[in-house]
Each structure stands twice: as structure tokens, then as C-alpha cells.
Amino acid sequence: MRSSFIAQLFIAATTLASPAQKRDTVTAQVNFSNNTGSPQHLASGLLYGIPNTLNQIPSEFYNDIGYNYERAGGAQIPSPGLGWIWGVAEYENRFASVLSNYQTAREYGANFILLIHDLWGADGTQNSSAPYPGDDGDWSSWDEYLSYLFTDLKDNDMTTSLIVDLWNEPDGAGFWGRSQSQYLEMWGRTYYKFRDEFSTDVLLSGPASAGEPLASNTWWEAWASFVAANDSIPDQYAWHMESGTGDLLSSHAGLLYWQSTYGLPSKPININEYAVFDEQVPAGSAWWISQLERIDAHGLRGNWLSGYELHDFMASLLSKPGADTSSYSATATGYFPNGDYQTYKYYYQNMTGYRVGTLPSSDLKLDAYATVGDDGYARVLVGVRITEGTWELQLNDLSSLDLPTSGTLDIKTWGFPVNADDTHYGEVDGPTNLGVVAHTYSDNTVTFPVYQTDTTTAYAFEFAI
Ligand SMILES: *[C@@H]1O[C@H](CO)[C@@H](O)[C@H](O)[C@H]1NC(C)=O
Ligand SMILES: *[C@@H]1O[C@H](CO)[C@@H](O)[C@H](O)[C@H]1NC(C)=O
Ligand SMILES: *[C@@H]1O[C@H](CO)[C@@H](O)[C@H](O)[C@H]1NC(C)=O
Ligand SMILES: *[C@@H]1O[C@H](CO)[C@@H](O)[C@H](O)[C@H]1NC(C)=O
Ligand SMILES: *[C@@H]1O[C@H](CO)[C@@H](O)[C@H](O)[C@H]1NC(C)=O
């Protein structure tokens, strides 16, 4: 398709300065004849990010991005809220944070993933003598904890749209300082306790591993083999994408490998922590949105803040006076959006209609998410994975949009920058209109360069159909 076309390299849709590095064979693609269904803005979930005071963040900030998934368990609340392993009072105060976050999620119709490891007290700040479920073969404390929790979930009407993660990152010492076999026994016991108590009214999720389900991952092999034999297959397959490397086409292929190896059924996928902090900028978010939408996985933004800031800022989409300084106040208001927020707002509010299939560039650096709107505009959001250079974007099968197979296409570009003075905490109130460029095209396809002269800006290309 491209070879007949290479002679006519068109003017960039962007009006940016010339590129640092040319990558002219590296092209992301959009296939406008491949309708992949209605947008559900699958990437609009958050790990923590919600204050413990109800309604502290004004509702427009949740509504404008179509916030749809929350994951929390009271982590990093100071005493008297340290969790079960410090005593019942410390558990009850941590539960109050969970309840408040659950109520916020439900106010916006979002699903809620409960982190029972955090409520237990293994939130990553636990000391080296912290107990784990089943230590020395003794499950009594864990059983008692679960019975308190079951009562609290019922007494507080918390079972609607509730998903329970049966531990977080059990494949790393930060959250599970014990053997995998002790973890698997915990999984098998806890899975059946929840099922016995709530049937499938409360969904179960896991393993929420730090590692991807690649065919080479022996931890995943032991997990997949155990849940198949134990018949304790979760309602959602969950893992994390927070290493700064890896991609979802590869890890999805790995999941399919484990499914076929152990006869595990297909279930919804939830990447319930995605992106490292440096990737939490418009370019990185557009890249992750494209990756998640391609495999129809829900995604929740990772959260790289700690203490009360973990419970604020919607996982680094917002800021407020005093943010990230010694004068930070957990209860202060005055919220404003950062640059990354604007990417999610456009993704939710403007990328309507139906989705179409895309392919990332072969080096996996540029990825694209595309929709065909019922307002008469096609839109393509692109982002690079925190790299500078020049890539190309190829829009195929234009005739499926009732456009002629050759002619001129006027493409408008929006830039989604970060605040130049403060990437994560600086205010940005909307995308930048970078103007319209007329592209001559033929053979039912148009290709143009994307000049990435910084590592943070995402771009959206729009044209009338
Ligand atoms: C584009 O999508 C259509 C419809 O799904 C498919 O028939 C066609 O093969 C795709 N084109 C490419 C190049 O993948
Ligand atoms: C370590 O944490 C446990 C609770 O997990 C607590 O009982 C114990 O006092 C703590 N030890 C120290 C030295 O802080
Ligand atoms: C699943 O594993 C748990 C923990 O080892 C065990 O107690 C339970 O009996 C197992 N259930 C089945 C159906 O194998
Ligand atoms: C996105 O849609 C909203 C709501 O229709 C509209 O107000 C806004 O101008 C649009 N933004 C862009 C960048 O087109
Ligand atoms: C359509 O797009 C989806 C998502 O990107 C992809 O999985 C599928 O293979 C594509 N279908 C065709 C026929 O190209």
C-alpha cells in the first residue's frame, strides 16, 4: 500500500519544527473499514486518587473524563488506620477510607476493585515482621479478618459493582513476603470463602501480578496451573503494566498461551495498574489508551504518589495549590486539571461513534486510537512512548467513510501539551489548535509524518467525513 505512495510525502499535519530523528519506515496504521464497536473509554479507571472526604474533588472532574473504575483499600492511611494486622481499631479506620472511596466510585457509576491486602495492612509500608495469611499454617487471623470484612461489606451495602482483588502483586516481595505456594493456598481458600458468602454477586479478580503473563513467566505458569486444578478461576484476569517496557499485544498473546495450556476460559481483562510516572503525560496516556482499546482491556492508571497524595489528584490527573510541596494539605481544595487530564477528556467527550482497528508502529513507539463519530468527524489520537523522533501515520480504507479514493483531505491537528513549568502539577485547560493542513492522497490511503519534538505531547487528527 505504502510503496506506491512514498514519492508523495506530504507536509506534516502538525506545524512543529523539524524532527530530531527520521524513522520513515516506522508507521502506525488505522483501518477505517474495521469497526471494532462502541467506545467505552476502557482506559478511564484510577488506582486510588480519591480523597477520603466525600465530594472534595468537584464532580465535573470525574464526569468530564467518564471515570468508570476505581481500585482502593485504604493504603498508607496513618495510625489509627494501619489495617487488620495492627488490631481491629486500625482495621475499622482503614475500612472507613475504603467505604468513602467506594461511595465516591458509585456516585459516578464506577466499578470498585477492593484491595484486601491493603486493608489487611500489607500496603508496601509494612515492616519485616508483618504477618501474612497462613504463616506457619495458621489461618485463624485471616479467617477472622475475612469474617469482619464480610460483615462490613454487607452492613454498608458495598456489594454492588464490587470486584475483589485476591492480593496485589503477589509475585513481588513488596506486597507478599512469602512463598508462592503459601500465596496459592491463600488464593484457593479465599476464592471459595467469597464465593460461599456472596456467590457471583461479588466478582473476583487476579492475580494482579507485577509481571506479565508471558509464556516465559514461571510464576504465571504455577498460578495458571493452580487455578485450573483448583477450579478457582477469577472473573477478571488482571495484571500490571508498570515496568516502562512490555506491550499489550505480547502480554495478551501470553495470556492466550496460558489459557490454552491449562484450559482456562476467556474472561474480561483488567490492567488494573498501567503506566509508570514518566508515562503519565499526554503522549504516554494516548499510547496506553491505544494499547488497552486494541485488546478490549479495562485499564486503571497506576499511582506513583504516597501518603495522602496517593488519595488525591485522581492518580496524577489533577493538581491544587500546595500540591507536591511541604505545604500540601490533604483536605485543601482549589483543584485544576493538568495536561494529561485533557487527553482523557478528549478521549471521553470527543472520541464518540464507533472505534476502528489500528496497529502500532513496528518499533511499538507510536500508537493510535481512532473513532468515527456520529457528528461527521473521524478522529485519531496518537502518542509516543516517551521518545522523540518522527514516525508516520497511515490512514487506510478511506472509502469506507464514503470519502473518494483520491483527492484532498483537510486534517485538523490538536496538540495535547503538558505545562512547560511543571509536567504533573501544572495547569493546562485544553488542547492547542495547531491548524488545518490539506493532504493530497490517492489509492484510498493517506500517510503523513508525526513530528515528536518532545516526549510528552499527544496529538489528535480530525477530518470531516
Ligand atoms: C481492514 O479491516 C477489514 C474489515 O475488518 C478487513 O477486511 C481488512 O483486511 C483490513 N485491512 C488490513 C490491511 O488489515
Ligand atoms: C511491625 O508491624 C507489626 C504489625 O504488622 C506490629 O505489630 C509490630 O509492632 C511492628 N514492629 C515494629 C518494630 O514496628
Ligand atoms: C482449592 O485450594 C484450597 C487451598 O489449597 C483448598 O482448601 C480447596 O479445597 C481447593 N478446592 C478445590 C476444589 O480443589
Ligand atoms: C469535545 O467535545 C465537547 C463537547 O461536545 C466540546 O465542547 C469540545 O469543544 C470538543 N473538544 C474538541 C477539542 O473538539
Ligand atoms: C480489527 O481491529 C482489531 C483491533 O485492533 C484487531 O484485533 C483485528 O484483528 C482487526 N481485524 C482485521 C480484520 O484487521
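All values derive from a computational prediction rather than experimental measurement. (Residues numbered from 1 in each chain as written. Chains lettered and ligands numbered in written order. Predicted model: local features only at pLDDT ≥ 70, side-chain atom pairs only at ≥ 80, totals over all residues. Heavy atoms only, no water.)

*Asks:* Could you give an account of the environment of Asn-31, with specific residues and numbers?
*Replies:* For Asn-31, the location among the structural elements is in strand S1 (residues 22-37). Asn-31 sits in the partly exposed class, given a relative accessible area of 28%. Sequence separation between Asn-31 and Asn-272 is 241 residues, and the spatial gap between their C-alpha atoms is 28 Å. Excluding residues within four positions of it along the chain, Asn-31 makes contact with Val-356, Gly-357, Asn-396 and Asp-397. Of the polar contacts made by the side chain of Asn-31, one reaches the side chain of Ser-33; its length is 2.9 Å. (Helix = DSSP H or I, 4+ residues; strand = E, 2+ residues; numbered from the N terminus. Buried < 20%, exposed > 50% of the residue type's maximum accessible area, 1.4 Å probe, protein only. Contact = heavy atoms within 4.5 Å. Polar contact = N/O pair within 3.5 Å; in protein donor to acceptor, adjacent residues only side chain to side chain.)

*Asks:* Explain the site of ligand 1 to me, using residue names and the numbers behind them.
*Replies:* Neighbouring residues of ligand 1: Asn-31, Ser-33, Asn-34 and Asp-397. Between an oxygen atom of ligand 1 and a side-chain N or O atom of Asn-31, the distance comes to 2.4 Å. Contact with the protein chains covers 37% of the free accessible surface of ligand 1, which is 370 Å². A breakdown of the residues in the shell around ligand 1 according to their chemical character gives no nonpolar, 3 polar and 1 charged. (Near = heavy atom within 4 Å. Areas by Shrake-Rupley, 256 points an atom, 1.4 Å probe, with all protein chains shown as cover. Nonpolar A, V, L, I, M, F, W, Y, C, P; charged D, E, K, R; others polar.)

*Asks:* Explain the packing of helix H4 (residues 140-155) against helix H5 (residues 180-198) to me, using residue names and the numbers behind them.
*Replies:* The N-to-C vectors of H4 and H5 enclose an angle of 30 degrees; their axes lie 12 Å apart at closest approach. The pairing of H4 with H5 is recorded here as roughly parallel in orientation. Where H4 crosses over H5, the handedness of that crossing is right-handed. Residues Trp-142, Asp-143, Leu-146, Leu-149, Phe-150, Leu-153 and Lys-154 of H4 pack against Met-186, Arg-189, Thr-190, Lys-193, Phe-194, Glu-197 and Phe-198 of H5. (Axes fitted to C-alpha atoms, helices over the stretch in contact; angles between N-to-C directions. Parallel < 35°, antiparallel > 145°, perpendicular 65-115°, else oblique. Left-handed = near helix turned anticlockwise from the far one by under 90°.)

*Asks:* Can you break down the confidence of the model for the chain residue by residue, with the values?
*Replies:* The predicted model of the chain has a mean per-residue pLDDT of 95, with 95% of residues at 70 or higher. In this model, residues 1-20 is a region of pLDDT below 50 whose contacts with residues beyond four sequence positions or in other chains number 49 contacts. (pLDDT = per-residue confidence, 0-100.)

*Asks:* Describe helix H9 (residues 339-349), and please don't skip the residues or the numbers.
*Replies:* Summarising burial for H9: 8 of the 11 residues are buried, a large majority. Of the residues making up H9, those classed as buried are Gly-339, Asp-340, Tyr-341, Gln-342, Thr-343, Tyr-344, Tyr-346 and Tyr-347.

*Asks:* Give me the site of ligand 2: which residues, what numbers.
*Replies:* Residues in contact with ligand 2, as listed here, are Ile-85, Trp-86, Asn-127, Ser-129, Ala-130 and Pro-131. Taking Asn-127, its side chain carries an N or O atom lying 2.4 Å from an oxygen atom of ligand 2. Of the residues in the shell around ligand 2, the class split is 4 nonpolar, 2 polar and no charged.

*Asks:* Give me the lowdown on the packing of aromatic side chains, citing residues and values where you can.
*Replies:* Evaluated as defined, the whole model comprises 40 aromatic pairs. Ring centres 5.0 Å apart and planes at 85 degrees place the aromatic pair Trp-167 and Trp-176 in the edge-to-face group. Overall, Trp-167 belongs to the buried group, its relative accessible area being 0%. The interplanar angle of 85 degrees and the centroid separation of 4.9 Å between the aromatic rings of Trp-287 and Trp-288 together place this pair among those described as edge-to-face. Assessed through its relative accessible area of 0%, Trp-288 is described here as buried. (Phe/Tyr/Trp six-rings, centres within 6.5 Å; stacked < 30°, edge-to-face > 60°.)

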